[in-house]
Amino acid sequence: MGRYYRLTKKITEKMAEDILKEILGMEDVEKAEFAEENTKILVVTAKEKYPDVMTRIVNIFSRVGKGCEILFDGFQVPEA
């Protein structure tokens, strides 16, 4: 199951591309994609990997997104 995170500030398309490239390059990330015009991101990884994965992703957003933070926004709803 994936988790959605809301961005605390607007990022550029270039920032979004760079962030996504770094996240998708992480070994434990199964899936990552932006939603709602780059205001949210979906991250999918194994349940036990979320703490380590999200620590790295928070740092990526802060660095590449010039101080952008992310906040948990809910779980991905399984498709019927």
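A few points on the structure. (Residues numbered from 1 in each chain as written. Predicted model: local features only at pLDDT ≥ 70, side-chain atom pairs only at ≥ 80, totals over all residues. Heavy atoms only, no water.)

**Regarding unusual backbone geometry**
Quick reminder of the rule: By the criteria applied, helices consist of DSSP H or I runs no shorter than four residues and strands consist of E runs no shorter than two, each listed in order from the N terminus. Think of it in three bands: with a 1.4 Å probe and only protein chains considered, a residue is buried below 20% of the maximum accessible area for its type, exposed above 50%, and partly exposed in between.
Positive phi outside glycine occurs at Glu37, with the angle close to 55°. Residue position: Glu37 is located in the loop between strand S2 (29-35) and strand S3 (40-45). Residue Glu37 is classed as exposed on the basis of its relative accessible area of 75%. The backbone of Lys66 shows a phi angle near 50°, a positive value even though the residue is not glycine.

**So, the pairing of strand S1 (residues 3-7)**
Residues in a regular strand project their side chains so that they alternate between the two faces of the sheet. Note the threshold: Pairing between strands requires that DSSP locate at least two bridges from one strand to the other.
The pairing of S1 with S3 spans four bridges and is classified as antiparallel. Its bridge partner lying in S3, Tyr4 is registered against Leu42. One ladder, built from five bridges, connects S1 with strand S4 (residues 70-75); its direction is antiparallel. Its bridge partner lying in S4, Tyr4 is registered against Gly74.

**Observations regarding the nonpolar core**
Our working rule: Working definition of a nonpolar core: buried Ala, Val, Leu, Ile, Met, Phe, Trp, Tyr and Cys residues. They are joined through side-chain atoms within 4.5 Å. Pairs of residues are marked as contacts when any of their non-hydrogen atoms sit within 4.5 Å.
Ile23, Ile57 and Phe61 are the most contacted members of the largest nonpolar core, which has 22 residues in total. Elements represented by at least two residues in this core include exactly S1, helix H1 (13-24), S2, S3 and helix H2 (50-64). Considering every element that reaches this core, the biggest residue donor is H2, with seven residues. Apart from residues lying up to four places away in sequence, Ile23 is in contact with Val29, Ala32, Ile41, Ile57, Ile60 and Phe61.

**Describing the pairing of S3**
Of all six residues that make up S3, six are buried, and the element is covered over most of its length. Going residue by residue along S3, you find Lys40, Leu42 and Val44 tucked away on one face and Ile41, Val43 and Thr45 tucked away on the opposite face as well.

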